[in-house]
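Chain and residue survey
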Amino acid sequence: MSAKAAAAKKTKKSIPFDYDRFLRKDKLPHIWCPGCGHGIVLKALLRAIDKTGLTNDDICMVSGIGCSSRTPGYVDFNTFHTLHGRAPSYATGVKLANPDLNVIVVTGDGDALAIGGNHFIHTCRRNIDMTILVYSNAIYGMTGGQFSPTTPEGSITHTSGYGAIEPPFDCCEMAKASGATFVARATSYHVQELERTLHAAIKHKGTSVVEIIDECPIYYGRMNKYKSASHMMEEIEKLGTVSVKQAENLPPEKLEGRKLRGILYQVERPEYCEQYDMLIKKAQGK
Ligand SMILES: Cc1ncc(C[n+]2csc(CCOP(=O)(O)OP(=O)(O)O)c2C)c(N)n1
Ligand code: SF4
């Protein structure tokens, strides 16, 4: 036990998590608005990464465009801030070029499921080893509050002043149907669960997708009459979701309109880089 840990044990104080070692402090302050869920997700992600034992140099974080996609700018990993919707494809190139890297894609619901929809489904189909984190706040935050593929019907946004009429996507169902081998949902309200889910997703070999329901109080919140960020978290994340475990003991009427949280699907299937290596050997007659 280190002297610091021993001293903490004596005074019964827990040692605060050292976020700084993962951050580019010279890039702070960040751009996120007060109450935005993206910062909570980042902190949980850094704690989850710490538990994997990976070092800063082991990771390559790739993002597209959006408030969520600003994340790689703040972390001291190998990072790529790429084109809107194209992060999974850049990440595929990174992974193929250096399969030893642990690749994490950070994307938003607009980035991953609208402009990047095709890139998302074909990455899942290949089962290339990477973790795709979809920060799902039901809106295009960075561009000022247009509706996105996960905006619930009836929601008021800057492009649906009388209520959204399009049915939303289920990001997790889509990932599973496209071939992802690890699919999970978490929220920025249930932080310990979020941390555990992120850890499991990073450890999984193959394409892992985690939809993280978080909040944009500035656009979605204000326009839909939520009083505060915490009010949104309580209504949307606490009451609007239920864990897979709790769901087992609840009658169907209690599950209606609520999304499941936790690991929803996990299977093993050959991973793309390994298959590609085998193909090269075959072509070389080895
Ligand atoms: C090719 C292209 N089209 C459109 C945009 C404008 N744009 C920037 S961010 C964004 C939406 C991002 O929304 P989301 O992925 O949900 O992330 P959030 O900001 O909510 O975290 C859009 C449409 C762009 N930058 N590039
Ligand atoms: S606009 Fe919304 S998503 Fe973007 S930083 Fe502000 S609260 Fe977060």
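Preceding block: the structure.
The structure reproduced in this document is the subject of the present report. Residue indices begin from 1 for each chain and proceed along its sequence in written order. Chain labels run from A onward and ligand labels from 1 onward, assigned in the order the entries are written. Per-residue local features are limited, in this predicted model, to residues with pLDDT of at least 70; the limit for side-chain atom pairs, both in listing and counting, is 80 or more; totals at the level of whole chains, interfaces and linings are taken over all residues. Excluding hydrogens and water, the side-chain figures rest on all heavy atoms present in the structure.

**Brief notes about the packing of helix α3 (residues 87-97) against helix α5 (residues 117-126)**
Two numbers describe how α3 lies on α5: the axes approach to 8 Å, and their chain directions differ by 40 degrees. One finds that α3 runs oblique with respect to α5. Of the residues in α5, those touching α3 at P88, S89 and T92 are H119, F120 and T123. The class makeup of the residues in the contact of α3 with α5 is two nonpolar, four polar and no charged. For helices, the fitted line uses only the C-alpha atoms of the stretch in contact; every axis is such a line through C-alpha atoms, and the angle between N-to-C directions lies from 0 to 180 degrees. Under the scheme used here, helices are H or I runs from DSSP no shorter than 4 residues and strands are E runs no shorter than 2 residues, and both carry numbers assigned from the N terminus. Roughly parallel means an angle under 35 degrees; roughly antiparallel means over 145; roughly perpendicular covers 65 to 115; every other angle is labelled oblique. By definition, residues are in contact when any of their heavy atoms lie within 4.5 Å. In this classification, Asp, Glu, Lys and Arg are treated as charged, Ala, Val, Leu, Ile, Met, Phe, Trp, Tyr, Cys and Pro as nonpolar, and every other residue, Gly included, as polar.

**Re the pairing of strand β3 (residues 102-108)**
Note on exposure labels: buried denotes an accessible area under 20% of the residue type's maximum, exposed denotes more than 50%, and partly exposed covers the range between, all computed with a 1.4 Å probe on protein chains only. Among the seven residues in β3, seven count as buried, and that is most of the element. Here β3 shows a buried face lined by N102, I104, V106 and G108 and a second buried face lined by V103, V105 and T107. Being paired, for any two strands, means DSSP has found at least two bridges between them. Note that strand β1 (residues 59-63) and β3 share five bridges and pair parallel. If you follow M61 over to β3, its bridge partner there is I104. Sheet analysis places β3 next to strand β4 (residues 130-136), joined by five bridges and oriented parallel. Counterpart to V106 in the pairing with β4 is L133.

**What to know about the layout of surface pockets**
Looking at the largest pocket, its volume works out to about 580 Å³. For the largest pocket, the lining is made up of 29 residues, of which R185, E211, I213, G240 and K259 are closest to its centre. Sorting the residues of the lining of the largest pocket by element identifies α6 (171-178), β5 (182-187), β6 (207-213), α9 (229-238) and β8 (259-266) as the ones contributing at least two each. If one sorts the elements of the lining of the largest pocket by residue count, β8 sits on top with four residues. Split by residue class, the lining of the largest pocket holds 14 nonpolar, six polar and nine charged. Think of a 1 Å grid over the protein atoms and nothing else: a 1.4 Å probe that fits but is trapped marks a cavity, an open set flanked by protein within 12 Å on at least five of seven lines marks a pocket, and residues with an atom within 4 Å of a point count as lining. Grid points are joined across faces, edges and corners, and a volume is the space filled by probe spheres set on the points.

**Details of empty space enclosed by the protein**
Considering all chains together, one arrives at one cavity of 30 Å³ or more under this definition. The computed volume of the largest cavity comes to approximately 40 Å³. Together, K95, L101, N102, V103, D129, M130, T131, I202 and H204 line the largest cavity. When residues of the lining of the largest cavity are traced back to their parent elements, those giving at least two are β3 and β4. The residue inventory of the lining of the largest cavity, partitioned by class, reads four nonpolar, three polar and two charged.

**A word on the site of ligand 1**
Distances are taken per atom, and a residue is near a molecule or strand as soon as one of its heavy atoms is within 4 Å of it. Inspection of the region around ligand 1 gives 17 residues, with C67, S68, G110, D111 and G141 positioned closest. Residue G110 places a main-chain N or O atom 2.9 Å away from an oxygen atom belonging to ligand 1. Taking D111, its main chain carries an N or O atom lying 2.7 Å from an oxygen atom of ligand 1. Computed by Shrake-Rupley with a 1.4 Å probe, the accessible areas treat only the displayed protein chains as cover when residues are assessed. Contact with the protein chains covers 72% of the free accessible surface of ligand 1, which is 590 Å². Top element by residues in the shell around ligand 1 is helix α4 (residues 109-115). It accounts for four residues. When its residues are assigned to classes, the shell around ligand 1 shows six nonpolar, nine polar and two charged. Under this definition, polar contacts are N or O atom pairs within 3.5 Å; protein pairs additionally need one hydrogen-donor-capable and one acceptor-capable atom, and for neighbouring residues in sequence, both atoms have to be side-chain atoms.

Keep in mind that these numbers describe shape and distance, not what the molecule does.
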